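Below are the chains, spelled out letter by letter.
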Amino acid sequence: MNAPEKFLAKPATGSSHFHESARAQVAGGATYIDDVAEVKGTLHAAPILSNVAHGKLRGVDASQASTMPGVRGIVLAKDIPGDPILATFVHDETVFAVDTVEHIGQVIGLVVADTVMQARRAARKVQLDIAPLSAMLDLREAVKARSFVLPPVTVRRGEPERSIAEAPHKLSGAFDVGGQEHFYLEGQVAYALPLEQDNWWIYSSTQHPAEVQHWVAHALGLDNHAVTVECRRMGGGFGGKETQAGHMAVWAALAARKFRRPVKLRMDRDDDFMVTGKRHPFAYDYEVGFDDSGRILGMKLLLAANCGFSADLSGPVVDRAVFHVDNAYFLGDVEIVSYRCKTNVQSHTAFRGFGGPQGMIVTEAILGDIARALGKDALDVRKANFYGIADRNVTHYQMPVEDNILDPLVSKLEQTSQYRARRAAIAKWNAQSPVIKRGLALTPVKFGISFTATFFNQAGALVHVYTDGSVHVNHGGTEMGQGLHTKVCQIVADELGVPFDKVRISATDTSKIPNASATAASSGTDLNGRAAQFAAREVRQRLAAYVADKQKCRPEQVIFAHGQVSGPDAAMSFEQVVDDAFHSRVQLWSDGFYKTPKIHYDKHTLTGRPFYYFSYGAACTEVAIDTLTGENRVLKVDILHDVGRSINPAIDIGQIEGGFVQGMGWLTTEQLVWNEKGHLATHAPSTYKIPATGDVPEHFKVAFWHEANPEDNVGGSKAVGEPPLMLAISVFEALRDAAAAARGDGPVRMDAPATAENVLRALRK
Ligand code: MTE
Ligand code: HPA
Ligand code: MOS
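The shown structure was predicted, so the numbers you read here are calculated from the model rather than taken from an experiment.

Helix and strand content of the protein: 19 helices and 29 strands. By the compact-globule yardstick of 27 Å for 765 residues, the protein fits well, its C-alpha radius of gyration being 27 Å. Dimensions along the principal axes, computed over C-alpha positions, put the protein at roughly 80 × 75 × 45 Å. Counting the 765 residues in the protein, one finds 63% classified as buried. Counted over contacts in the protein with a minimum sequence separation of 6, partners at least 24 positions apart contribute 81%. Put simply, the protein shows about 28100 Å² of open surface, and 52% of that area lies on carbon and sulfur atoms.

The following block contains the structure:
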């Protein structure tokens, strides 16, 4: 007898189960790298930083530092047994600066001491002899000088020059957007332990343990199998630990090798700012032609990214920017020229959205200005440019948009947010308010899901069922607060029909799942969730075959639900079935492997189907600016976002809210200032302002779009990690709307972030 419907427990997926370590985190019981009990004899390292943006490194004098209390010595490039070049994708970065330094904050070596404070104090006393060379510090100068880390990439469709020339209206302009510091609460950290026979154990706060393993092995001159990397969780990564956690691990391992002791390297917050890369700042020059409805007919865009001193992930980041220039819109005839510029600052890296935000924002800004040029409502102009269903439905990179829900989604938010009524009310309000002006904007997001590098779109998992019926899962993804482990537990629990609490996930470990991709591109659950589901399914099918054999039925008749395994004759607890099966020598564990179907693209022309599907969303944001001081506030936010069928609504809402607020920070208060010497002047929370609780709008409503993912994705869900960040472009467009209300009609140039200064500049005629 099958278990009657009413006895089935609610499946784990679709319910707002607590984050698997929420309680431990708030109680201080969740372990981060710096909480790992230190092995006796552990030493601590601190970095020696370049104080010149570009120069010849002539000497390092550690004589004073060496005599300081607790100091064991220093580590320099000459102490590297393997390759002095880091094993990054482009191999264009040294492990420690040798001969030349390329930015202020570049790591030249380490001081190793008994305590972390001793190491840090001594590192500051190391004397550097650097002969300065001319430094490239300005992005637009780098474009002029053709100072690149990678060659330019152009994507072109049709005849944009002709379309622009023949268009009834034209607009051209320039626009700059700033970078963003990740400000993960747990800074970069690694703890390297020598094991027997030149094997190594590395605790690393990393989104990509396999990459850290590879980098460490490469620097130590060992094979990958000699190095094991473990990450239980990160206190946030946001892209900043996709590659750049590798540096800490390599440095710590080199120190550990030299001193034959475990070594921990935990960056001080200021050093973390100075050493690691950020979101890429971008500069744009554009020209568009459009018709009376505001529809773009032709567009020419120059998009330049400040990559810093090395390539790091800049290739794929700028590719993703190029892929997302369209956002939700059919661009007509278009040419996008992208530059990956080399400057003498930190090497900029992945950051939530991975170039997508920088691609989208320029087109959103252009559409806002087209509306102002035509005296139209910006939402009408946006809608006039949406991708179509039957026509106008192919992207500039030749991918048909098959899952387009832009029109119904945006129309629904337009109603629920009362956009039109508020637009009228705000116009009335502004007419009687000379100093404070309000602004409103409703902007969409269409974000491509998959790593653009197709081969990254694979994942593995292990599911072990123990004889007591408890389940242990391990997969290649990492937990950074986004709830990946919770979702994977839910998926496995449902596959085996057991309660959530029966399933536990252990730390990500390169000796369990090899060659795992970074947990990035928002695809953690899509990839690892599916791999774990397949592994659990394998075990379930073996158990079903075992039960079917006993009950003389077909395996499909055996149902796993509510902690019970039921065949036509009898139901037993999952534990009992597992125990019986074990004694009949049924294999109770399995691996699982998943690779995303359908995707492919040509990395030279950037054409093809780089994305399995798109995640959609829209936000309606109301702001106020003070036209005398430039200060601004976000007053009201309404979001309608597409997560497909949500695996965990509470976690997804958290991702949407968090992503939005992080995007709001990028576009309003988070300003990175490098001074004329190339010194990052904003290297601490005293001068670099991330949003605080008081900045979250009082009215902040999030709703889900109601449809499942039309592509076959785990549980019918869609990826959620990055797309909501780009909903914050509505904040920026609302601020420009408010500036336009103060200025009168016409385009508004406002560079991002919209600090008080930039708002005031935008108000100048
Ligand atoms: N959420 C939290 N709390 N902390 C993070 O570091 N990183 C974001 C996003 N959400 C992040 C986060 C980024 S950049 C990505 S790519 C995804 O989570 C990665 O996880 P996922 O693929 O499991 O969604
Ligand atoms: N997104 C995030 N990280 C990545 C990607 C991507 O598309 N490609 C390589 N690393
Ligand atoms: Mo997220 S920027 O893809 O780590």
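Past the structure itself, the notes keep going.
Pairing analysis gives two bridges linking strand β2 (residues 55-61) to strand β4 (residues 100-101), with the strands arranged antiparallel. Considered in β4, the bridge of K56 is made with T100.

On to the packing of helix α10 (residues 356-374) against helix α11 (residues 378-385), then. Packing of α10 against α11 brings their axes to within 8 Å, and their N-to-C directions diverge by 120°. Between α10 and α11, the angle is such that the two are oblique. Our pair here, α10 against α11, has a crossing hand that is right-handed. Contact residues: α10 offers E364, L367, G368, I370 and A371, while α11 offers A378, V381, R382 and N385. Across the contact of α10 with α11, the residue classes break down as five nonpolar, two polar and two charged.

Let's shift gears to the site of ligand 1. Near ligand 1 there are 18 residues, and of these G237, F238, M480, G524 and Q655 occur at the shortest range. Contact with the protein chains removes 92% of the 520 Å² of surface that ligand 1 exposes when unbound. For the shell around ligand 1, the residue count by class is five nonpolar, eleven polar and two charged.

Ranked by internal contacts, the top residues of the largest apolar core, which has 149 residues, are L303, V492 and F660. Considering every element that reaches this core, the biggest residue donor is helix α15 (residues 524-551), with eleven residues. When sequence neighbours within four positions are dropped, the list of residues in contact with L303 reads F282, A283, Y284, V318, A321, V322, V325, I336, V337, S338 and Y339. With 47 residues, the next largest nonpolar core counts A53, W215, A217 and A249 among its residues.

The next subject is the site of ligand 2. Residues in contact with ligand 2, as listed here, are E242, P316, R320, F354, F451, T452, F456, A520 and A521. Between R320 and ligand 2, the recorded distance is 3.2 Å, taken from a side-chain N or O atom to an oxygen atom. Take T452: an N or O atom from its main chain is 3.3 Å from an oxygen atom of ligand 2. Here ligand 2 has 260 Å² of accessible area as a free molecule, and 98% of this is covered by the chains. Here the shell around ligand 2 is built from residues that sort into six nonpolar, one polar and two charged.

Another aspect to go through is the packing of aromatic side chains. For the structure on display, the rule yields 23 aromatic pairs. Summarising the aromatic geometry, the rings of W201 and Y203 are spaced 6.0 Å apart at their centres and angled 70° between planes, so their arrangement reads as edge-to-face. For the pair Y612 and Y613, a centre-to-centre distance of 5.8 Å together with 65° between the ring planes defines the contact as edge-to-face. Summarising the burial analysis for this pair, Y612 and Y613 share the class buried. Taken together through their ring pairs, the aromatic side chains of F323, Y397, Y601, F611, F614 and Y616 make up a single cluster. Here the basic side chain of R233 rests over the ring of Y32, its NZ or CZ set 5.7 Å away from the ring centre. Across the ring face of W429, the terminal group of R438 is positioned such that the distance to the ring centre comes to 4.3 Å.

Another aspect to go through is the side chain of S590. As for its position among the elements, S590 is in strand β24 (residues 589-595). In this structure, S590 is in contact with A461, L462, V463, A535, E538, V539 and R542, ignoring residues within four places of it in sequence.

The subject of this paragraph is unusual backbone geometry. Cis geometry marks the peptide bond from A752 to P753, where omega comes out at 5°. Tracing the sequence through the fold places P753 in the loop between α18 (729-743) and α19 (756-763). Its identity is not glycine, yet A521 carries a phi of approximately 55°, on the positive side. Accessibility expressed as a relative area gives 11% for A521, which makes it buried.

Take the environment of Q118 next. Within the fold, Q118 resides in helix α3 (residues 116-123). Sequence-distant contacts of Q118, that is, excluding residues within four places in its chain, are made with P69, G70, V71 and A113. Of note is the side chain of Q118, whose polar atom sits 3.1 Å from the backbone nitrogen of T115.

The subject of this paragraph is the sheet that holds strand β13 (residues 282-290). Pairing is mixed in the open sheet, where five strands are placed in the order β7-β15-β14-β13-β8. Both outer strands of the open sheet, β7 (148-157) and β8 (169-177), are each paired with one neighbouring strand and no more. Neighbouring strand axes in the sheet, compared pairwise and without regard to direction, differ in orientation by 5° on average. Note that β7 and strand β15 (residues 333-341) share seven bridges and pair antiparallel.

Attention shifts here to the pattern of salt bridges. Inspection of every chain in the model, using the stated rule, returns 48 salt bridges. E711 serves as the salt-bridge partner of R609, at 3.2 Å between the closest nitrogen and oxygen. Of the two residues, R609 sits in strand β26 (residues 607-609) while E711 sits in the loop between β29 (699-704) and α18, which places them 102 residues apart along the sequence. Relative accessible area serves as the criterion here: at 13%, R609 is assigned to the buried category. Among the charged side chains, a network of salt bridges with common partners joins E364, D369, R372, R382, E733 and R736.

With mixed pairing, the four strands of this open sheet are ordered in space as β16-β27-β28-β29. Each edge of the open sheet is held by one strand with a lone partner, namely β16 (436-449) and β29. Within this sheet the neighbouring strands show an average axis-to-axis angle of 15°, counted without direction. Note: strand β28 (residues 632-641) against β29, six bridges, orientation parallel.

Per-residue confidence for the protein gives a mean pLDDT of 97, with 99% of residues at or over 70. Below a pLDDT of 50 lies the segment residues 1-8, which in the model reaches 13 contacts outside its immediate sequence neighbourhood of four places, other chains included.

This brings us to the pairing of strand β17 (residues 458-465). Here β17 lies mainly inside the structure; six of its eight residues are buried. Looking at chain direction, β17 and β24 are connected through seven bridges and run antiparallel. Among the inter-strand pairings, G460 is bridged to a residue of β24, identified as F593. Here β17 pairs with strand β18 (residues 471-475) via five bridges, running antiparallel. Paired with L462 across the two strands is N474, which belongs to β18. Where β17 folds back on β18, the antiparallel hairpin that results is connected by five residues, among which G469 adopts a positive phi of roughly 85°.

This paragraph deals with the environment of I405. Its place among the elements puts I405 in the loop between α11 and α12 (406-416). As a C-alpha pair, I405 and A328 span 77 residues in sequence and 10.0 Å in three-dimensional space. Those residues in contact with I405 that sit more than four places away from it in its chain are Y616, D642, W705 and E707.

Conventions adopted
- Residues numbered from 1 in each chain as written.
- Chains lettered and ligands numbered in written order.
- Predicted model: local features only at pLDDT ≥ 70, side-chain atom pairs only at ≥ 80, totals over all residues.
- Heavy atoms only, no water.
- Helix = DSSP H or I, 4+ residues; strand = E, 2+ residues; numbered from the N terminus.
- Rg over C-alpha atoms; globule rule 2.2 N^0.38 Å.
- Buried < 20%, exposed > 50% of the residue type's maximum accessible area, 1.4 Å probe, protein only.
- Contact = heavy atoms within 4.5 Å.
- Areas by Shrake-Rupley, 256 points an atom, 1.4 Å probe, with all protein chains shown as cover.
- Pairing = 2+ DSSP bridges.
- Axes fitted to C-alpha atoms, helices over the stretch in contact; angles between N-to-C directions.
- Parallel < 35°, antiparallel > 145°, perpendicular 65-115°, else oblique.
- Left-handed = near helix turned anticlockwise from the far one by under 90°.
- Nonpolar A, V, L, I, M, F, W, Y, C, P; charged D, E, K, R; others polar.
- Near = heavy atom within 4 Å.
- Core = buried A, V, L, I, M, F, W, Y, C linked by side-chain atoms within 4.5 Å.
- Polar contact = N/O pair within 3.5 Å; in protein donor to acceptor, adjacent residues only side chain to side chain.
- Phe/Tyr/Trp six-rings, centres within 6.5 Å; stacked < 30°, edge-to-face > 60°.
- Lys NZ or Arg CZ within 6 Å of the ring centre and 35° of its normal.
- Salt bridge = Lys/Arg side-chain N within 4 Å of Asp/Glu carboxyl O.
- pLDDT = per-residue confidence, 0-100.

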